[in-house]
Amino acid sequence: MSYALSFTATDPARLWTEAADAAAALVAGERDGIANMANVAALIWQAIPDLNWAGFYRFDGTELVLGPFQGKAACIRIPLDKGVCGAAARMRATQRVDDVHAFPGHIACDADSRSELVVPVVAGDRLVGVLDLDSPLPGRFSAADQVGAEALVARIAGALAD
């Protein structure tokens, strides 16, 4: 089965709503969390402009481990006390960083990344991992992007759990 995904919105709020609707349709009925992460990472890569990395890090009970993504090769393991992803997972709170070089402990998997948006994925009360979006543009992610990404993750978090 193939999916013909088309995104027409230009404003971030509407674009994220379209992406969330498409993500919900992609994961509907599929129980494999890794397969669902793979499709959602690809969908976000297609829908959201100006990204150089989009994907997931899975929580293994101790640290974050690289999951499905789109973009350049990435760091494989991230401790919860390191980087933007670790902070989002540790605090279970979204991290929106306009300039990653100013973030204490930033992990530079791709030197071209300038801004980052990381949303924790929580199903029930269990940390599943994080959705990580990177951009080569400073200040790329707006409050509307944050709200939209959080809504997308909340809508499908259960389908991303193993």
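This text goes with the structure placed above it.
Residues numbered from 1 in each chain as written. Predicted model: local features only at pLDDT ≥ 70, side-chain atom pairs only at ≥ 80, totals over all residues. Heavy atoms only, no water.

1. Comments concerning the overall build of the protein chain
Okay, step 1: Each helix and strand counted, the protein chain has four helices and six strands in total.
Okay, step 2: Counting from the amino terminus, the protein chain carries its helices and strands in the arrangement α-α-β-β-β-α-β-β-β-α.
Okay, step 3: For 162 residues, the compact-globule formula gives about 15 Å, and the C-alpha radius of gyration of the protein chain, at 14 Å, lands near that figure.
Okay, step 4: Counting only C-alpha atoms, the protein chain reaches 40 × 35 × 25 Å along its principal axes.
Okay, step 5: For the protein chain, the proportion of its 162 residues judged to be buried stands at 49%.
Okay, step 6: Here the contacts in the protein chain between residues at least 6 apart in sequence split such that 52% fall between residues at least 24 apart.
Okay, step 7: Of the roughly 7600 Å² of accessible surface on the protein chain, a fraction of 52% belongs to carbon and sulfur atoms.
Okay, step 8: Each charge class in the protein chain can be summarised by its mean position, and for the 13 positive and 20 negative side chains these summaries are 3 Å apart. (Helix = DSSP H or I, 4+ residues; strand = E, 2+ residues; numbered from the N terminus. Rg over C-alpha atoms; globule rule 2.2 N^0.38 Å. Buried < 20%, exposed > 50% of the residue type's maximum accessible area, 1.4 Å probe, protein only. Contact = heavy atoms within 4.5 Å. Areas by Shrake-Rupley, 256 points an atom, 1.4 Å probe, with all protein chains shown as cover. Lys, Arg positive; Asp, Glu negative; His and termini not counted. Charge placed at Lys NZ, Arg CZ, Asp CG, Glu CD.)

2. Observations concerning the pattern of salt bridges
Okay, step 1: This structure, assessed with the given rule, holds five salt bridges.
Okay, step 2: Two residues, Arg77 and Glu63, come together in a salt bridge whose shortest N-O distance is 2.9 Å. With Arg77 in strand S3 (residues 77-78) and Glu63 in the loop between strand S1 (53-59) and strand S2 (64-71), the pair connects residues that are 14 residues apart, well separated along the chain.
Okay, step 3: For Arg77, a relative accessible area of 48% translates into the label partly exposed.
Okay, step 4: In this structure, Arg140 engages Asp145 in a salt bridge whose closest nitrogen and oxygen atoms are separated by 2.9 Å.
Okay, step 5: By relative accessible area, Arg140 is classed as buried at 15%. (Salt bridge = Lys/Arg side-chain N within 4 Å of Asp/Glu carboxyl O.)

3. Concerning the packing of aromatic side chains
Okay, step 1: Inspection of the entire model under this criterion finds two aromatic pairs.
Okay, step 2: An angle of 25° between the planes, with centres 5.8 Å apart, marks the rings of Trp53 and Tyr57 as stacked. We note that Trp53, like Tyr57, is buried.
Okay, step 3: Note on Trp53 and Phe69: the rings are 5.0 Å apart at their centroids and 15° apart in plane angle, and the pair reads as stacked. Taken together, the positions of Trp53 in strand S1 and Phe69 in strand S2 put the pair 16 residues apart, joining distant regions of the chain.
Okay, step 4: Members of the aromatic cluster, each reached through a chain of ring pairs, are Trp53, Tyr57 and Phe69. (Phe/Tyr/Trp six-rings, centres within 6.5 Å; stacked < 30°, edge-to-face > 60°.)

4. Things to note about the side chain of Thr94
Okay, step 1: As for its position among the elements, Thr94 is in the loop between helix H3 (83-91) and strand S4 (95-97).
Okay, step 2: A distance of 2.6 Å separates the side chain of Thr94 from the side chain of Glu150, its partner in a polar contact.
Okay, step 3: Beyond its immediate chain neighbours, meaning those up to four positions away, Thr94 contacts Leu117, Val118, Val119, Pro120, Gln146 and Glu150. (Polar contact = N/O pair within 3.5 Å; in protein donor to acceptor, adjacent residues only side chain to side chain.)

5. Brief notes about the environment of Val128
Okay, step 1: When you line up the elements, Val128 lands in strand S6 (residues 126-135).
Okay, step 2: C-alpha separation for the pair Val128 and Leu64, spaced 64 residues apart in sequence, amounts to 9.4 Å.
Okay, step 3: Once residues lying within four places of it in the same chain are set aside, the contact partners of Val128 are Met37, Tyr57, Arg58, Phe59, Val121, Ala123, Leu160 and Ala161.

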